[in-house]
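One letter stands for each residue in the lines below.
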Amino acid sequence: MEIGTGPIGSCSKDHQKIYLEWFNYADSDGDGRITGNDATKFFALSNLSRQDLKQVWAIADAKRQGYLGYREFIAAMQLISLVQDGHQVTHDLWNSDVDFQNLKPPAMEGLDKLLANKRHSSKTSDPNLNGSLQPQPSPSANWFSSKSSKKISMSSVTSIIDGLKRLYIQKLKPLEVTYRFNDFVSPLLTNSDFDAKPMVMLLGQYSTGKTTFIKHLLRTSYPGAHIGPEPTTDRFVVVMSGVDDRSIPGNTVAVQADMPFSGLTTFGTAFLSKFECSQMPHSLLEHITLVDTPGVL
């Protein structure tokens, strides 16, 4: 059974309505995609182990997009439901004799209360509940206002990064688009720019221990690492967290929407041919991203 057509095609309409409400709740910035941060918070309500949830994400995101659309989200929910019923997380689940049509949604602890609070806040903040449609001011009307017309509720954001992202999308991005700031100065920021982990770049002459230092921090070697007396690291290597060990060419990384490296395309293919991403599951890499560099004389 192919993910993206099978799960949603075998899901009842009642369950699709439930999953749509869940999807809209989990999609914190309303861009129609469930990113890794969104999934981490929402999937945790299932009380499954972190390793099981990583496998669920890896199977649901079969296209390696780095995010889940509505179809992939339903697939992930069905996988979580099966795991809660005692199944092992494997790709063979889609080919098993499971009645996906009647497969009940997974148990998500505290989700009903969270959804009820969201519905209540939506009703109390809806300006059209009195039956009359109020004229909406132009978005540019408040760009240069000294006072903000509406403050962001503390309960609507889960972190400083989440709040900054929402402020940028609602306030700064429309201004940049209107004055074509992205055409003349720098590209528009994307979700990956906000969600990216802090990066630590190692610089120095060749054979001074940059790669060895990363290996010491991780207590293991990363995919594609080479250590020797002669210059061995001949490219920029970004070492970051992933569900499995793999190396991704720079040309591919630079065009992935979930990666914060789209700006590197301005340096051309010559640079991207010397750029590489190395992914591996590691607790340290869940908090920072390391950048290994060629020796600099």
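Source: prediction; values computed, not measured.

Q: I keep staring at the confidence of the model for the chain and nothing clicks. Help me out?
A: Taken over all residues, the pLDDT of the chain has a mean of 79, while the share at 70 or more is 79%. Contacts from residues 1-5, a stretch scored under 50 in pLDDT, to residues over four places away or in other chains number 14 contacts.

Q: Quick question: what am I supposed to make of helix α5 (residues 70-84) here?
A: Every α-helical turn comprises 3.6 residues, leaving residues that sit three or four positions apart pointing alike. For α5, which comprises 15 residues, the first-to-last C-alpha distance of 21 Å matches the rise-based estimate of 21 Å (1.5 Å per residue) to within 8%. Taking burial as the measure, the 15 residues of α5 include 12 buried ones, the bulk of the element. Burial in α5 covers these residues: E72, F73, I74, A75, A76, M77, Q78, L79, I80, S81, L82 and V83. Just downstream of α5, G86 is the residue with a positive phi angle, here 105 degrees.

Q: Can you walk me through unusual backbone geometry in this structure?
A: Across residues other than glycine, the phi torsion is negative in most instances, and most of the peptide bonds are trans. The phi torsion at N47 lies on the positive side, around 65 degrees, for a residue other than glycine. Tracing the backbone shows N47 in the loop between α3 (36-43) and α4 (50-60). Residue N47 is classed as exposed on the basis of its relative accessible area, which comes to 54%. A positive phi is found at R219, a non-glycine position, where the angle reads about 60 degrees. The topology assignment puts R219 in the loop between α10 (210-218) and β2 (236-241). On the accessibility criterion, R219 (79% relative accessible area) is exposed.

Q: Can you walk me through the sheet that holds strand β1 (residues 199-201) in this structure?
A: Spatially, five strands are ordered β1-β5-β2-β4-β3 in an open sheet, and the strand pairing comes out mixed. Pairing within the sheet leaves two strands with one partner each, and these edge strands are β1 and β3 (246-249). The mean inter-strand angle of the sheet, taken between neighbouring strand axes irrespective of direction, is 20 degrees. With three bridges connecting them, β1 and strand β5 (residues 289-292) associate as parallel partners. Residue pairing in the sheet places V200 in a bridge with L290 of β5. This element, α10, spans β2, β4 (275-280) and β5 of the sheet and lies at about 155 degrees to β5.

Q: I would appreciate a short explanation of the packing of α4 against α5 in the present structure.
A: Two quantities define a packed helix pair, namely the angle between the axes and the distance from one axis to the other. At a closest axis distance of 9 Å, the pairing of α4 and α5 adopts a crossing angle of 140 degrees. Judged by the inter-axis angle, α4 sits oblique to α5. You can see that α4 and α5 cross each other, and the crossing is right-handed. Where α4 approaches α5, its residues D52, L53, V56, I59 and A60 are matched on the opposing element by E72, A76, L79, I80 and V83. Here the contact of α4 with α5 is built from residues that sort into eight nonpolar, no polar and two charged.

Q: Quick question: what am I supposed to make of the nonpolar core here?
A: Judged by nonpolar contacts, the single largest core of 28 residues is most densely connected at W22, F42, F43, F73 and M77. Of all the elements in the fold, those that place two or more residues in this core are α2 (13-26), α3, α4, α5 and α6 (111-125). With seven residues, α5 is the largest single contributor of residues to this core. Residues within four places of M77 in sequence aside, it is in contact with Y19, W22, F42, F43 and P106.

Q: When you look at the side chain of Q256 in this model, what are you seeing that I'm missing?
A: Within the fold, Q256 resides in the loop between α11 (250-253) and α12 (268-272). Ignoring any residue separated from it by four or fewer positions in sequence, one finds Q256 in contact with R64 and I248.

Q: So what exactly am I meant to see when it comes to the environment of V255 here?
A: Note that V255 resides in the loop between α11 and α12. A residue is classified by how much of its surface remains accessible, and V255, at 65% relative accessible area, is exposed. Between the alpha carbons of V255 and T265 there is a distance of 8.1 Å; along the sequence they are 10 residues apart.

Parameters at a glance
Residues numbered from 1 in each chain as written. Predicted model: local features only at pLDDT ≥ 70, side-chain atom pairs only at ≥ 80, totals over all residues. Heavy atoms only, no water. pLDDT = per-residue confidence, 0-100. Contact = heavy atoms within 4.5 Å. Helix = DSSP H or I, 4+ residues; strand = E, 2+ residues; numbered from the N terminus. Expected span 1.5 Å × (residues − 1). Buried < 20%, exposed > 50% of the residue type's maximum accessible area, 1.4 Å probe, protein only. Pairing = 2+ DSSP bridges. Axes fitted to C-alpha atoms, helices over the stretch in contact; angles between N-to-C directions. Parallel < 35°, antiparallel > 145°, perpendicular 65-115°, else oblique. Left-handed = near helix turned anticlockwise from the far one by under 90°. Nonpolar A, V, L, I, M, F, W, Y, C, P; charged D, E, K, R; others polar. Core = buried A, V, L, I, M, F, W, Y, C linked by side-chain atoms within 4.5 Å.

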